[in-house]
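# Architecture at a glance
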There are 2 protein chains.
Amino acid sequence: MISHSAKIVQQRIGALAKITEEPGRITRTFASPAMRRANELVGAWMRAAGLEVRVDAAFNLLGRWNSTQRGAKTFLLGSHLDTVRDAGKYDGPLGVLTAISAVELLRERGVKLPFNVEVVGFSDEEGVRYQTTYLGSRALAGTLTAADLARIEEKQIVTARRNKNEFFGYAEVHIEQGPVLEKKKIPVGVVTAIAGQSRLRVEFLGVAGHAGTVPMTLRHDALAGAAEFILAVEKCGVLATVGKIEVANGASNVIPGNVSLTLDVRDQNDSRRLAAVKALQIKAQNIAQRRGLRLNWTLVQQTSAVPCDKTLTQIFSQCVAQRGLEVLKLPSGAGHDAVALSAICPVAMLFVRCKGGISHNPAESVKTSDVRVAVEVLADFILRLAKHP
Amino acid sequence: MISHSAKIVQQRIGALAKITEEPGRITRTFASPAMRRANELVGAWMRAAGLEVRVDAAFNLLGRWNSTQRGAKTFLLGSHLDTVRDAGKYDGPLGVLTAISAVELLRERGVKLPFNVEVVGFSDEEGVRYQTTYLGSRALAGTLTAADLARIEEKQIVTARRNKNEFFGYAEVHIEQGPVLEKKKIPVGVVTAIAGQSRLRVEFLGVAGHAGTVPMTLRHDALAGAAEFILAVEKCGVLATVGKIEVANGASNVIPGNVSLTLDVRDQNDSRRLAAVKALQIKAQNIAQRRGLRLNWTLVQQTSAVPCDKTLTQIFSQCVAQRGLEVLKLPSGAGHDAVALSAICPVAMLFVRCKGGISHNPAESVKTSDVRVAVEVLADFILRLAKHP
């Protein structure tokens, strides 16, 4: 039965992957015709599972299972249905389709819940259309800003706001997008927090010169300084990445005079992240001073960590342990709709192992046996939540 | 008198700088109308100095001072009159105009030489037009290749070839294009050799990944490997530069999977240069192996060092010492027409201090007092050469 559910999830993910705005690859962006067709298809599966389906003003697809108890609160399950350009099949849809299957299993078993369940397919997690993430989930949470609305055509999405007193939690299943579960040979992991992030632009300014005529001892090579910094980033103790580097007017026979690079620092502990950024800034200053370079250090963006709710996370852990699996707790380095939902209710996430840790790529792959574990755990999670005091 | 000569050289360099094919900046490329006008102007100054002037089939400007001795050989003095785009005033013209002034001084003093002198303004040292350097001097030396001729329109330049038995030496005055003389507070330096050069393309291939989800210990970051290599290049013991670096598909939130960079290694000693390149290759292999990266190591171009002639260099040194100046011997890291002339006769070069070591830039600057030293030394050089056994 559950094995059958996992196969259905895989088949549905395959069918959904055919809905795209770019032939030959998967691309579904906010409020596009492809997203409307995706909502119709997934909405049909929701109806087949016995859910009341609607699309809200922010193009979020919502499938509701009403409790028989009057005045019951609502628990949200889901993820997003939009994608990056040339996406994989699983990032987003896995969370929506495992939620539908888990609910379907419980309903087939005749389970009655003391709360309503709403399965949601959010309309814009990736932010491809407007370069502003979580439009769908933030519309629902009521946290859109005037700046967001100024950037978008679909001003009406602000009316998708829900009363936060309706909800008592949100749980999201998502592919890990990293290699940890695969490396540890575990199908699912329990997320402790969504990491905070600091994004910086770092510029080293030295003196450009002729590669053949300036002795090594008289150089102020901006790239050599940047190289020293990149190795310091690698050893800074938290997750930190230099993803881009550019030598202005670079040429093979010119000593680099101006190098800029990006720095991305993430951690589930905000003070640890901020301390690492500060230590790297001091390191960069020391490198620049010793080498006779100038340093420009610019904070581009900063977001705080979002801790997952302890109680919901503990329930996920119990469900995993009950299946005889090792309970691996890990932070999420990527952002998710759970970040937006955390503004109005406790959140929790379950990661599913994906091949090679690959995401945002057509090579995304998840084993059917792992999908099965995710559906089982999510169904158990709802049952345990119902029994929870 | 000599002080007057230096001022004239500066004035002429200023006048020549106004001849350009790009209004507002100095650009004179091979066989352009601007080069024809430059040859006319400089030719007039040659005639005023008493030289017999002609332009050869390779657009080189030649001003000849015939010896009274029958069957005398010829000594060449000069440099080039073409420029890079948006050039400075001194790179090239300084050598041609100091030669004209030195010859003029000697003729005014009634000096008779046992050899002919030809002052030459070569037509293509920078190689801007066809990306092939030394077209003028190699045409004269007879070392153009079929591949060179295939690339250019002006096939007739091959007929500019001279009989190598005519010549017994070439001396070139040129701005240093580096900061060593300025740093040491010396107006001129004697060049020991024109460095050989190895140009390579080095590629590190790792595994791209999400900056938020791949733990530091599971990364194969191509840029971190490249950074380690850049610091090894800096410490490799010879003149070595990484001037360009590129992260393929680089993004601030993606771990670099593919990084390519340029490597430029120069030394006046070929075996030392080749040993340094080999040691860097081994270093790169070790870095790649330790980090689980693949390495692509590609030799792009390689030229051998051209040693300056010991006797001619010694004469230059004696002339410098006679002026009470420290004799600083230094290699040239940049290429010069002397490289092409070395195929047919001994060569020597005198470097002149330039402000900040800057060249290939409108900011090129040389003090009149330094120009004076160059004219004096070059005139002395010719006199000493005449007395040399």
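These figures come from a predicted structure and were not determined experimentally.

Calculation notes
Residues numbered from 1 in each chain as written. Chains lettered and ligands numbered in written order. Predicted model: local features only at pLDDT ≥ 70, side-chain atom pairs only at ≥ 80, totals over all residues. Heavy atoms only, no water. Helix = DSSP H or I, 4+ residues; strand = E, 2+ residues; numbered from the N terminus. Rg over C-alpha atoms; globule rule 2.2 N^0.38 Å. Buried < 20%, exposed > 50% of the residue type's maximum accessible area, 1.4 Å probe, protein only. Contact = heavy atoms within 4.5 Å. Areas by Shrake-Rupley, 256 points an atom, 1.4 Å probe, with all protein chains shown as cover. Lys, Arg positive; Asp, Glu negative; His and termini not counted. Charge placed at Lys NZ, Arg CZ, Asp CG, Glu CD. Pairing = 2+ DSSP bridges. Salt bridge = Lys/Arg side-chain N within 4 Å of Asp/Glu carboxyl O. Domains from an automatic or database assignment. Buried area = accessible area lost by both parts, 1.4 Å probe. Polar contact = N/O pair within 3.5 Å; in protein donor to acceptor, adjacent residues only side chain to side chain. Phe/Tyr/Trp six-rings, centres within 6.5 Å; stacked < 30°, edge-to-face > 60°. Core = buried A, V, L, I, M, F, W, Y, C linked by side-chain atoms within 4.5 Å. Least-squares fit on C-alpha atoms with pLDDT ≥ 70 in both. pLDDT = per-residue confidence, 0-100. Nonpolar A, V, L, I, M, F, W, Y, C, P; charged D, E, K, R; others polar.

Quick look at the overall build of chain A now. On a plain count of helices and strands, chain A comes out with 11 helices and 16 strands. Taken over C-alpha atoms, the radius of gyration comes to 24 Å for chain A, in line with the 21 Å a tight globule of 389 residues would show. Taken over the C-alpha atoms alone, chain A extends approximately 80 × 45 × 40 Å along its principal axes. Here chain A holds 389 residues, and 60% of them are scored as buried. Restricting the contact set of chain A to residue pairs at least 6 apart, pairs at least 24 apart contribute 78%. Surface exposure of chain A reaches about 15300 Å², of which carbon and sulfur atoms provide 49%. A gap of 3 Å separates the mean positions of the 49 positive and 36 negative side-chain charges of chain A.

In this section: the pairing of strand β1 (residues 52-55) of chain B. All names here are of chain B. In this structure, β1 lies alongside strand β2 (residues 61-65), joined through 4 bridges in antiparallel fashion. By the bridge assignment for β2, Arg 54 is matched with Leu 62. Here β1 folds back onto β2, and the loop between the two strands holds 5 residues, one of which, Phe 59, carries a positive phi near 70°.

What follows deals with the pattern of salt bridges. In the structure shown here, the tally under the stated rule is 40 salt bridges over all chains. Between Arg 290 of chain A and Glu 228 of chain A there is a salt bridge, with the nearest N and O atoms lying 2.6 Å from each other. Of this pair, Arg 290 of chain A sits in helix α8 (residues 270-291) while Glu 228 of chain A sits in helix α7 (residues 222-234), and the two are 62 residues apart along the sequence. By relative accessible area, Arg 290 of chain A is classed as exposed at 53%. Residue Arg 291 of chain B pairs with Glu 234 of chain A through a salt bridge whose shortest N-O separation is 2.6 Å. In this pair, Arg 291 of chain B is assigned in helix α8 (residues 270-291) and Glu 234 of chain A in helix α7, connecting two distinct chains. Relative accessible area serves as the criterion here: at 28%, Glu 234 of chain A is assigned to the partly exposed category. Overlapping salt bridges, with partners in common, bring together Glu 22, Arg 25, Arg 85 and Asp 86 of chain A in one network.

This next bit is on the domain arrangement of chain A. Residues and elements named next belong to chain A. Once the domains are mapped, chain A shows domain 1 (2-195 + 305-387) and domain 2 (197-303). Averaged C-alpha coordinates put domain 1 and domain 2 at centres separated by 38 Å. Contacts between the two partners involve 7 residues from domain 1 and, on the opposite side, 7 residues from domain 2. Across the domain 1/domain 2 interface, buried area totals approximately 510 Å², and carbon plus sulfur atoms make up 48% of it. Taken together, the links from domain 1 to domain 2 amount to 0 salt bridges. Applying the counting criterion to the domain 1 and domain 2 interface returns 3 residue pairs in polar contact (both at pLDDT 80 or more).

With respect to the secondary-structure elements, Arg 219 of chain A resides in the loop between β8 (209-210) and α7. In this structure Arg 219 of chain A is buried but unpaired, with Asp 221 of chain A as the nearest side chain of opposite charge at 4.9 Å. With sequence-adjacent residues up to four places away left out, Arg 219 of chain A is seen in contact with His 210, Ala 211, Val 214 and Ile 255 of chain A together with Leu 239, Ala 240 and Thr 241 of chain B.

Turning our eyes to something else, we now look at the packing of aromatic side chains. In this structure the tally under the stated criterion is 20 aromatic pairs over all chains. Pairwise contacts between aromatic rings join Phe 75, Phe 115, Phe 168, Phe 316 and Phe 381 of chain A into one cluster.

All names here are of chain B. Counting buried positions along β2 yields 4 of 5 residues, so the element is predominantly enclosed. Taken together, the 5 bridges between β2 and strand β4 (residues 116-122) define a ladder with antiparallel strand orientation. The partner of Arg 64 across the bridge, within β4, is Glu 118.

The subject of this paragraph is the nonpolar core. In this structure, Phe 204 and Phe 229 of chain A together with Phe 204 and Phe 229 of chain B are the most contacted members of the largest nonpolar core, which totals 59 residues. The residues touching Phe 229 of chain B, leaving out its near neighbours within four places in the chain, are Val 202, Phe 204, Leu 261, Leu 263, Leu 280, Ala 284, Ile 287 and Trp 297 of chain B.

To continue, consider the relation of the copies chain B and chain A. When chain B is fitted onto chain A, the two copies agree to an RMSD of 0.1 Å after a turn of 180° and an axial shift of 0.1 Å. Such values leave the two copies arranged in the relation of a two-fold axis. Closest approach to the rotation axis within chain B is made by the C-alpha atom of Ala 227 of chain B, at a distance of 2.2 Å.

This brings us to the confidence of the model for chain A. Of the residues in chain A, 99% have a pLDDT of 70 or more, and the chain-wide mean is 96. For this predicted complex, the interface confidence comes out at an ipTM of 0.86, alongside a pTM of 0.86.

Taken residue by residue, the interface counts 46 residues in chain B and 46 residues in chain A. Linking chain B to chain A there are 2 salt bridges. Linking chain B with chain A are 10 residue pairs in polar contact (both at pLDDT 80 or more). Mapped by element, the contributors of at least two residues to the side of chain B that touches chain A are α6 (180-184), α7 (222-234), β9 (239-241), β10 (245-247), β11 (254-255) and β12 (258-267) of chain B. Ranked by residues supplied to the side of chain B that touches chain A, first place goes to α7 of chain B with 8 residues. Taken together, the residues of the side of chain B that touches chain A sort by class into 24 nonpolar, 12 polar and 10 charged.

Relative to the elements of secondary structure, Gly 212 of chain B occurs in the loop between β8 (209-210) and α7. Ignoring sequence-local partners within four residues, the contact set of Gly 212 of chain B consists of Leu 239, Arg 266, Gly 333 and Ala 334 of chain A.

With a phi angle near 55°, Asn 249 of chain A is a residue other than glycine that sits in the positive phi range. With respect to the helices and strands, Asn 249 of chain A occurs in the loop between β10 (245-247) and β11 (254-255). The exposure class assigned to Asn 249 of chain A is exposed, which follows from its relative accessible area of 74%. A positive phi angle, close to 55°, is found at Asp 86 of chain B, a residue other than glycine.

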